[in-house]
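# Overview (structure and organization)
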Amino acid sequence: MKLKHVAVVGLLTFTSITPGFAWQKNDEVNKFNGLNAQMLAATDARDALNQVFDQALSKGDYRALEYLGQIGGEGCKKIAPYLTSDDMHARAAARKGAMLCHDTDLSDALLAFPEALPPSAGDDYLYPALGFSGGPAARKLLIEQVNAIQPGQPFNVGYPDNARTMPLFGLLQSVVYDQLAASAMEGLNFGNLLALTGEMGTAEAAAYLLTRFTGLDAVLEQAAVEAAITSADNVIVRTLLVRVLRQFGNAAAGTLMTLAQGDEAPVKLAALRAMGYLSDGETMKFLVRAASRGDDHSRQVALAALGGRNAGAPLVVKKLKETLGDQNGWLATTALESLHAHSEDEAIRFAKIWLRREDYYKSFKAMSVLNRSEEGKTVLQEYADANPDTNRGREAAIALDPSIEAVTEPRDTPSIKLVAGYQKRELVLETTRGNICIAPSGAAPYAAANFMLLADAGRMDGMLWHRVIPNFVAQAGQTEDPEINKWGSVREEWFESNHQIGTVGVATAGRDTGGTQFFINTAYNMHLNGRYTVFGRVSKGLEAAFALQEGDVITKASTIAAGDEACQ
């Protein structure tokens, strides 16, 4: 399924973790003329054999290596010789290209130059490249470099500002979706990693890396994690460390309940979600109470957490069943999803009814519930067969076979004039929670143009915000418009994809499969860096973005000239 929290005040800003991934203003780099424009177009067309790259390399324009990395496949093969070049500039650009490739065939060449630390700000891509393309063979080196980062002992003068975070980010990307147990990371000093969460510059990256592992209760002390949460001066770090604390099970119940009653919305939501992993009676009762009162985002997280709790417990089942009738569709559908874990027959009975309701949102959410059982899958198949020419029928088929969503026809590469023109406009989303303005990214001009074209063609009007996960993303794109499936896909542009709060990314079902679905980051989602394209940032209306709930609608989408007072 495509990638397919909430409530902080104002837009937080953070030190860039990924090299070169800091937000760039569109007027800082002229990308749309001459040789560079030709490389941009060839990259969007995924034409690795285009002579423009050889022409650029013959002139010492090593940006060509970055573009080839984004193309992947044959492009990565052309990068490989430059990874062992004696020319530092060529090697640095090749490393950035390797980072974009996600190709473990480059591992040996990357490991041929394992410098202890990047020597300059122009050559700081080794560790991210090892993380994305180094494979398991690179982990030993990455672990050694992470262990070498000692709190209170800065690197030598002359190293780039982000030198301390690069090994952390590299190891994060090396293990990002593997769900490895801490015991599998031989030699990694987890105590030192926890200490780095208290140091400015490494705090977010170290905390994020910790959340990638399971079994942390075997390598860390609960008291040390609780102390780190208390002492952290960064709400992002505190929120991430709550995810570490939940691994201590019921022993962490008291602390989690205290945090869930605090004033920091991201920490509160993380603590509520963490209780879904426990089994004691007190946090079960706490979640039932939280699901009954308070703001809608907190109630939704509590209802979702109850899906993992005390199977069949009468108190939980009673709360979930009574919430099925809530006027808030988001709360009702969350209750249905959680009910399935406690009473499958009851959940399927309601899902069958919702599937055929006029309410598109509830029908769509019922599909995910039905897909969890053989009986439900039979219902979905019958529905898909009976409604072959509708988007609802297609979504039922996708629920049964997600690979359908990844089969897309690429859109033709638009003219550079059109792409450059959209860089001077902003995307305006009129939603049920207020207006949201999105300024385009100069680092992802084709993806930005895609969504602006989508808006100007009227194809965004009526889209659902169909996936809202507090402390993560608000995602839109589901629609009953059957023409949307003919739109086609766009290619990734990972060059500067730093998923900070308020940035807007392309939802995909695999590389180069995005097209009409997008998401707004409502947390700092570092693990998405270099994996999902960022095509813009919210320039106005972040409060509306944080307020979004599933089932909300984009009532109207359009583009306006940059600088228009509507987005000031």
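One can find the structure itself at the top, above this paragraph.
Before going into details, it helps to say that this report is about the structure given with it.

## Some thoughts on the state of the cysteines
Under the counting rule described, the total for this entry stands at two disulfides. Each sulfur of the disulfide joining Cys76 and Cys101 lies 2.0 Å from the other. Disulfide Cys76 to Cys101: torsion about the S-S bond roughly -120°, handedness left-handed. Residue Cys76 is located in helix α4 (residues 74–79), and its partner Cys101 is located in helix α5 (residues 88–101); the two are separated by 25 residues in the primary sequence. Under the relative-accessibility criterion, Cys101 is labelled buried at 4%. In the protein, numbering the disulfide-bonded cysteines from first to last in sequence yields the connectivity 1-2, 3-4.

## Here we look at the packing of aromatic side chains
Within the structure shown, the criterion is met by nine aromatic pairs. Ring centres of Tyr67 and Phe495 lie 5.5 Å apart, and the angle between their planes is 80°; this geometry places the pair in the edge-to-face category. In this pair, Tyr67 sits in helix α3 (residues 63–71) while Phe495 sits in the loop between β4 (473–478) and β5 (503–506), placing the two residues 428 residues apart along the sequence. Phe495 gets classed as buried once you look at its relative accessible area, which sits at 7%.

## What about the packing of helix α20 (residues 344–355) against helix α21 (residues 360–370)?
In the contact formed by α20 and α21, the axes pass within 8 Å of each other and the chain directions differ by 145°. Seen from above, α20 lies across α21 with left-handed handedness. Between α20, through Ala347, Ile348, Ala351, Lys352, Trp354 and Leu355, and α21, the contact on the second element is made entirely by Lys362, Ser363, Ala366, Met367, Val369 and Leu370. A class-by-class count of the residues in the contact of α20 with α21 yields nine nonpolar, one polar and two charged.

## Some words on the pairing of β5
Residues Thr503 and Gly505 point to one face of β5 and Val504 and Val506 to the other, with burial holding for every one of them. Bridging between β5 and strand β7 (residues 534–540) involves three bridges; their strand directions are antiparallel. Across the sheet, residue Gly505 finds its bridge partner in β7, namely Val534. Strand direction decides the pairing type here: β5 and strand β6 (residues 518–521), joined by three bridges, are antiparallel. Across the sheet, the residue bridging to Val504 is Ile520, located in β6.

## Details of the nonpolar core
If you look at the biggest cluster of nonpolar residues, it comprises 174 residues, and the most contacted ones within it are Phe190, Leu429, Met460, Trp465, Phe518 and Phe535. Every residue in contact with Met460, bar those within four places of it in the chain, is listed here: Leu427, Leu429, Phe451, Leu454, Ala455, Phe518, Ile554 and Ala557. Phe472, Val473, Ala507 and Leu528 belong to the second-largest nonpolar core, a separate cluster that totals six residues.

## Remarks on helix α13 (residues 235–245)
Counting buried positions over the 11 residues of α13 gives 10, a clear majority of the element. Those residues of α13 that sit buried are Val235, Ile236, Val237, Arg238, Thr239, Leu240, Leu241, Val242, Val244 and Leu245. Along its buried surface, α13 packs onto α10 (190–196), α11 (203–210), α12 (222–231), α14 (253–259) and α15 (265–274). The opening residue of α13 is Asn234, an N-cap whose side-chain oxygen sits 2.8 Å from the backbone nitrogen of Ile236.

## Re the sheet that holds β5
Reading across the sheet, the eight strands line up as β3-β4-β6-β5-β7-β2-β1-β8 and stay open at both edges, with antiparallel pairing between neighbours. The open sheet terminates on both sides in strands that have one partner only, identified here as β3 (464–469) and β8 (554–561). The average undirected angle you get between the axes of adjacent strands in this sheet is 30°. Sitting on the sheet, α21 touches β3 and β4, and the angle it makes with β3 is about 50°.

Criteria and thresholds
Each chain carries its own residue numbering, running from 1 in the written order of its sequence. Since the coordinates come from a predicted model, pLDDT governs what is reported: local features require at least 70, and pairs of side-chain atoms require 80 or more to be given and counted, while whole-chain, interface and lining totals use all residues. Only hydrogens and water are set aside when side-chain values are computed; all heavy atoms of the structure are taken into account. The disulfide criterion is simple: two cysteine sulfur atoms within 2.5 Å. Here a helix means four or more residues in a row that DSSP labels H or I, a strand means two or more in a row labelled E, and each is numbered from the N terminus. Per-residue accessibility, obtained with a 1.4 Å probe over protein chains only, is compared with the maximum for each type, and a residue is labelled buried under 20%, exposed over 50%, and partly exposed between these values. Here the aromatic set is Phe, Tyr and Trp, taking the six-membered ring for Trp, and pairing holds for ring centres within 6.5 Å; pairs whose planes are under 30 degrees apart are stacked, those over 60 apart are edge-to-face, and all others are tilted. Axis angles are defined between N-to-C directions and span 0 to 180 degrees, where every axis is a line fitted to C-alpha atoms and, for a helix, only to the segment in contact. Handedness of a crossing is defined here by the sense of rotation of the near helix relative to the far one, left-handed for an anticlockwise turn of less than a right angle and right-handed for a clockwise turn. A contact between two residues is defined here by any heavy atoms of the two lying within 4.5 Å. Three classes are used, and their members are as follows: Ala, Val, Leu, Ile, Met, Phe, Trp, Tyr, Cys and Pro are nonpolar, Asp, Glu, Lys and Arg are charged, and the others, Gly among them, are polar. Being paired, for any two strands, means DSSP has found at least two bridges between them. Each nonpolar core is a collection of buried residues, namely Ala, Val, Leu, Ile, Met, Phe, Trp, Tyr and Cys, held together in the definition by side-chain atoms within 4.5 Å. Two N or O atoms form a polar contact when they lie within 3.5 Å of each other; inside protein one atom must be a possible hydrogen donor and the other a possible acceptor, and for residues adjacent in sequence the pair counts only when both atoms belong to side chains.

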